[in-house]
Amino acid sequence: MTEPQPFDAIVIGAGAAGMMCAAVAGQRGRRVLLLDHNGEPGRKILISGGGRCNFTNIQTAPDRFLSANPHFAKSALSRYTPKDFLDLIAGYGIAWHEKTLGQLFCDGSAQQIVAMLISECESGGVVPGFGQPIRDVAHADGRFRVTTGAGVAEAPALVIATGGPSIPKLGATGFAYDLARHFGLKVVEPRPALVPLTLGPDDALFRDLAGVSAPVRAKAGKAAFDEAALFTHRGMSGPAILQISSYWRHGEQVAIDFLPQAESGWLTKAKRDHPRGTMRSLLARQLPDRLAEALAEKLALSGELANQKDAALAQAERRLGDWRFRPTGTEAFAKAEVTVGGISTAELSSQTMEAKKLPGLYAIGEAVDVTGWLGGYNFQWAWASAQAAARAL
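Residues numbered from 1 in each chain as written. Predicted model: local features only at pLDDT ≥ 70, side-chain atom pairs only at ≥ 80, totals over all residues. Heavy atoms only, no water.

So, the overall build of the chain
From N to C terminus, the chain includes 14 helices and 23 strands. Along the longest, intermediate and shortest principal axes, the C-alpha atoms of the chain span 85 × 40 × 35 Å. The 393 residues of the chain split such that 54% are buried. Contacts in the chain between residues far apart in sequence, at least 24 positions, make up 72% of those at least 6 positions apart. (Helix = DSSP H or I, 4+ residues; strand = E, 2+ residues; numbered from the N terminus. Buried < 20%, exposed > 50% of the residue type's maximum accessible area, 1.4 Å probe, protein only. Contact = heavy atoms within 4.5 Å.)

Brief notes about the pairing of strand 2 (residues 9–12)
Burial of the side chains of strand 2 extends over both faces: A9 and V11 are buried on one face and I10 and I12 on the other. When strand 2 meets strand 3 (residues 32–36), the two strands line up parallel, connected through 4 bridges. By the bridge assignment for strand 3, I12 is matched with L35. Handedness of the crossover is the feature at issue here: the chain leaves strand 2, passes through helix 1 (residues 16–27), returns alongside strand 3, and the resulting connection is right-handed. Looking at chain direction, strand 2 and strand 12 (residues 158–160) are connected through 3 bridges and run parallel. For I12, the partnering residue across the bridge sits in strand 12 and is I160. (Pairing = 2+ DSSP bridges. Right-handed = clockwise from strand over helix to strand, strands pointing away.)

Focus: helix 6 (residues 175–182)
When helix 6 is considered as a whole, its buried residues turn out to be A176, Y177, L179 and A180. Around the axis of helix 6, the buried residues are gathered within 165° of arc, so they sit on the same side. In this structure, the buried residues of helix 6 make contact with strand 2, strand 9 (134–140), strand 12, strand 13 (187–193) and strand 21 (338–343). (Arc of directions from axis to C-beta.)

With respect to the state of the cysteines
What the rule picks out here adds up to 0 disulfides. Free of any disulfide, C53 has its nearest neighbouring cysteine sulfur in C106, separated by 5.3 Å. Look at C106 and you get buried, because its relative accessible area is 0%. (Disulfide = S-S within 2.5 Å.)

Structural notes on the side chain of S237
Inspection of the secondary structure assignment puts S237 in strand 17 (residues 235–237). Those residues in contact with S237, other than ones at most four positions away along the chain, are P196, A228, A229, L230, T232 and L242.

A look at the pattern of salt bridges
When the charged atoms of two side chains lie near each other, side chains of opposite charge can form a pair. Scanning the entire structure with this criterion turns up 17 salt bridges. One salt bridge in this structure joins R217 and D226, with 2.7 Å as the shortest N-O distance. Relative accessible area serves as the criterion here: at 39%, D226 is assigned to the partly exposed category. Measuring nitrogen to oxygen at the nearest pair gives 3.4 Å for the salt bridge that ties K335 to E331. (Salt bridge = Lys/Arg side-chain N within 4 Å of Asp/Glu carboxyl O.)

Things to note about the sheet that holds strand 14 (residues 197–198)
Spatially, the 7 strands line up as an open sheet ordered 19-18-15-16-17-14-20, and their pairing is antiparallel. One side of each edge strand has no neighbouring strand; the edge strands of this open sheet are strand 19 (323–325) and strand 20 (329–330). Direction of pairing for strand 18 (residues 254–257) relative to strand 19: antiparallel, over a ladder of 3 bridges. In the sheet register, V254 faces strand 19, and the bridge partner there is F325. Packed on one face of the sheet, helix 12 (residues 310–321) meets strand 15 (213–220), strand 18 and strand 19 and runs near 115° to strand 18. (Axes fitted to C-alpha atoms, helices over the stretch in contact; angles between N-to-C directions.)

As for the nonpolar core
I10, F85, I113, L158, F258, L283 and W381 are the most contacted members of the largest nonpolar core, which has 133 residues in total. The element that contributes the greatest number of residues to this core is helix 14 (residues 377–392), accounting for 10 residues. (Core = buried A, V, L, I, M, F, W, Y, C linked by side-chain atoms within 4.5 Å.)

Brief notes about the packing of aromatic side chains
Tallied over the full model, the rule gives 10 aromatic pairs. Between the aromatic rings of F85 and W383, the centroid separation amounts to 4.4 Å while the plane-to-plane angle is 10°, which identifies the pairing as stacked. Within this pair, whereas F85 is found in helix 4 (residues 82–90), its partner W383 is found in helix 14, the two being separated by 298 residues in sequence. Across the pair, W383 and F85 agree in class, each one buried. The ring of F105 is capped by K99, whose NZ or CZ atom sits 4.6 Å from the centre of that ring. (Phe/Tyr/Trp six-rings, centres within 6.5 Å; stacked < 30°, edge-to-face > 60°. Lys NZ or Arg CZ within 6 Å of the ring centre and 35° of its normal.)

Concerning helix 12
Over its 12 residues, helix 12 extends 16 Å from the first C-alpha to the last, a length consistent with the 16 Å expected when each residue adds 1.5 Å. Taken residue by residue, helix 12 has L313, A316, E317, L320 and G321 as its buried positions. Burial along helix 12 is one-sided: seen end-on, the buried residues are contained in an arc of 130°. Opposite the buried face of helix 12, by more than 90 degrees, sit the exposed residues A311, Q315 and R318. Against strand 15, strand 18, helix 9 (266–273), helix 10 (279–284), helix 11 (289–299) and strand 19 lie the buried residues of helix 12. (Expected span 1.5 Å × (residues − 1).)

So, to be careful, I would describe these as geometric facts and stop short of saying anything about function.
Below is the structure:
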């Protein structure tokens, strides 16, 4: 192919954000090329939500997203809402259900979402270019030139939608950041988010409980989440831990409240009501046996409650409500669902996702320094940021 193929826009990355952006732009009459180095589009979508795709959250609000600029996501999120996406899937007859905390899942398979996005792209006449690694991206005279193994394409607009480096086994890389820096855009240091935490030998209490799960309140910094924690061979996981991992910084402590519903003074009250009970039996009423046994052993209050001093019980209560440990790290990008950090929002228009320094260059989805909570928020950001860019193309 000697002459570059002309397009109105080239979208690099055929994930949730890239496919949505290409489809909407195509349906607006733009000639769009959608590129991805993977041979199949939507690979992360297919494994999301246990294969059922937690495609949005009806409790979506800007305060459930992390970014160096907490206001950046407001515009896009307000203009494309969870209801808008529900209207889209309704047209495809995709059945869904709500789980806890506003999380929406397909009744069937995540493949339904991918098939819908492919159909939407086809409706917009989007030209697919899958299985084509990017060899070069250049910009001159107001046009972007992208070279792949299949040839060269040109367009006045280029959309970076390649996500972050989380889950590299699916082909995820830091390509978005390299491309952004190539064009002079700043990148907020990326780190794994929604990721299990690892523990050292000093926290063997937890590591000996692999497979045990319990509802807790997990805290890191100013963030706190009431959900389940799962103890693993390497440390801790489960929704509560994944949530706080986005806020946790290396070297900081994490605090666990094992009985977040307990009222103040509950242990001294239990001493009066059940004087012949033990710490282990008391905890076993509210927590899994193995966890109750481990905590009771660590608290070292042996014998009946009647024989314990009120001051010792008060101290045990405080510890159970604020059990601290210092993770050694995380299970890194290999196990991270998403990435915190990315292309700086200071470089982009919150209205259009277009780079301020370089007209025609856009960044959307996980590639941008906007990261949602666990539970469908990151998909909603993908849809909303893609719509914002597509309407501007």
